[in-house]
Amino acid sequence: MNSAEDSSTAFFQRHRTLIDHLAPFAAWLILMEALPRTAGSYALRTLVCAGLFLWLRPWRHYGAFHLRHLPLALLTGVVVWGLWILPELSFWREWPAFEGFYRRWAILPPWETFSAPAQSVYVPEVAGWPLALMRLAGSALVIAVIEEYFWRGFLYRRLMERDISQVALDRFQLGAFALTALLFGLEHTRWLVGIIAGLAYGALVLRTCDLHAAVVAHVVTNLLLGLYVLAAGAYGFW
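Residues numbered from 1 in each chain as written. Predicted model: local features only at pLDDT ≥ 70, side-chain atom pairs only at ≥ 80, totals over all residues. Heavy atoms only, no water.

Peer 1: Got a minute to help me understand the overall build of the protein in this structure?
Peer 2: Secondary structure summary: the protein contains ten helices and zero strands in total. Reading the protein from its N terminus to its C terminus gives the helix and strand order α-α-α-α-α-α-α-α-α-α. For 238 residues, the compact-globule estimate of 2.2 N^0.38 gives 18 Å, and the protein sits close to it at 19 Å. Judged by the C-alpha coordinates and their principal axes, the protein covers about 65 × 40 × 40 Å. Taking all 238 residues of the protein together, 44% fall into the buried category. Long-range pairs, those at least 24 residues apart, make up 71% of the contacts in the protein with a sequence separation of at least 6. Roughly 12300 Å² of accessible area belongs to the protein as shown, and the carbon and sulfur atoms make up 67% of that amount. Across the protein, 18 positive and 16 negative side-chain charges occur, with their mean positions spaced 2 Å apart. (Helix = DSSP H or I, 4+ residues; strand = E, 2+ residues; numbered from the N terminus. Rg over C-alpha atoms; globule rule 2.2 N^0.38 Å. Buried < 20%, exposed > 50% of the residue type's maximum accessible area, 1.4 Å probe, protein only. Contact = heavy atoms within 4.5 Å. Areas by Shrake-Rupley, 256 points an atom, 1.4 Å probe, with all protein chains shown as cover. Lys, Arg positive; Asp, Glu negative; His and termini not counted. Charge placed at Lys NZ, Arg CZ, Asp CG, Glu CD.)

Peer 1: I'm lost on the nonpolar core in this one. Help?
Peer 2: Nonpolar side chains in soluble globular proteins tend to be buried together. Counting 52 residues, the largest nonpolar core has W84, I146, Y149, Y201, F237 and W238 as its most contacted members. Put simply, the parts of the chain that give this core at least two residues each are helix 2 (16-34), helix 3 (39-56), helix 4 (70-85), helix 7 (129-158), helix 9 (191-208) and helix 10 (211-232). Those residues in contact with I146 that sit more than four places away from it in its chain are P24, F25, C49 and F53. If you look at the next biggest cluster of nonpolar residues, it comprises six residues, including M160, V167, F177 and L206. (Core = buried A, V, L, I, M, F, W, Y, C linked by side-chain atoms within 4.5 Å.)

Peer 1: Mind showing me how you'd approach the pattern of salt bridges here?
Peer 2: Pairing between side chains of opposite charge can happen when the charged atoms of each approach one another. The final tally for this structure, using the stated rule, is seven salt bridges. In this structure, D20 engages R16 in a salt bridge whose closest nitrogen and oxygen atoms are separated by 2.7 Å. Highlighted residues: D20 and R16, both in helix 2, separated by four residues, approximately one helical turn. The pair formed by D20 and R16 is uniform in burial state, with each residue classed as buried. Across the salt bridge formed by R103 and E99, the nearest N and O atoms sit 3.8 Å from each other. Of this pair, R103 and E99 are both found in helix 5 (residues 96-105), four residues apart, which corresponds to roughly one turn of the helix. Residue classification places E99 among the buried residues on the basis of a relative accessible area of 19%. Each of R16, D20 and R60 takes part in one network of salt bridges that share partners. (Salt bridge = Lys/Arg side-chain N within 4 Å of Asp/Glu carboxyl O.)

Peer 1: In this structure, what is going on with the packing of aromatic side chains? I would like to understand it.
Peer 2: Each pair of aromatic rings is reported with the distance of its centres and the angle of its planes. Tallied over the entire structure, the rule returns 20 aromatic pairs. A centroid spacing of 4.9 Å and a plane angle of 80° characterise the contact between F150 and W151, whose relative ring orientation is edge-to-face. Aromatic side chains W151 and F184 sit 5.9 Å apart centroid to centroid with 85° between the ring planes, which places their arrangement in the edge-to-face category. On the criterion of sequence distance, the pair formed by W151 in helix 7 and F184 in helix 8 (residues 174-187) is long-range, its members being 33 residues apart. Accessibility expressed as a relative area gives 6% for W151, which makes it buried. (Phe/Tyr/Trp six-rings, centres within 6.5 Å; stacked < 30°, edge-to-face > 60°.)

In structure tokens:
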């Protein structure tokens, strides 16, 4: 092994915790921008990022998931899912002022205008069921997991200390907590409920001192949302 290889190996080992948390999420964002917005590209992104996540194994920086946290994690996931779809259910058409306000100000940032696509690329009749189900799997089992290791596992703690291993998961700092939830919300199309979701997942980690509880909650939210999309044809959420 030459000096360059020694140097790169030393860098990787020195920054292993950061890389394990950051690389899968960064790869997801890069591929999202680099690849065309098609069902096949989403499937490729899912497989690549799942493989990277399994190779890096960021979960090894944490203890095992405690089953006593499962009920609260499930409840949090269901509540966030409900809040995500509630403002866009059909009965709000009887209150057009609210529906118009929500779609104008709470889905995209105020300087952009939301309009649902004429036809989603993930409709099973268009993409085929294998790719539609891959979209569901990518949302629920890959990006939901990757995001929790980045947002709650890495970023929240990095805002408090350079060495995140020195920050307990139940340590609270208002500025870091609020900024993490804000950035998490702005990452999503529905920024307002995204912020609420970020607050809920963050509070769950603080309450349980268990990052895996937030992982479970996020998986439940995205799984229920995906099933709702497929069952109700609400592809605007995808």
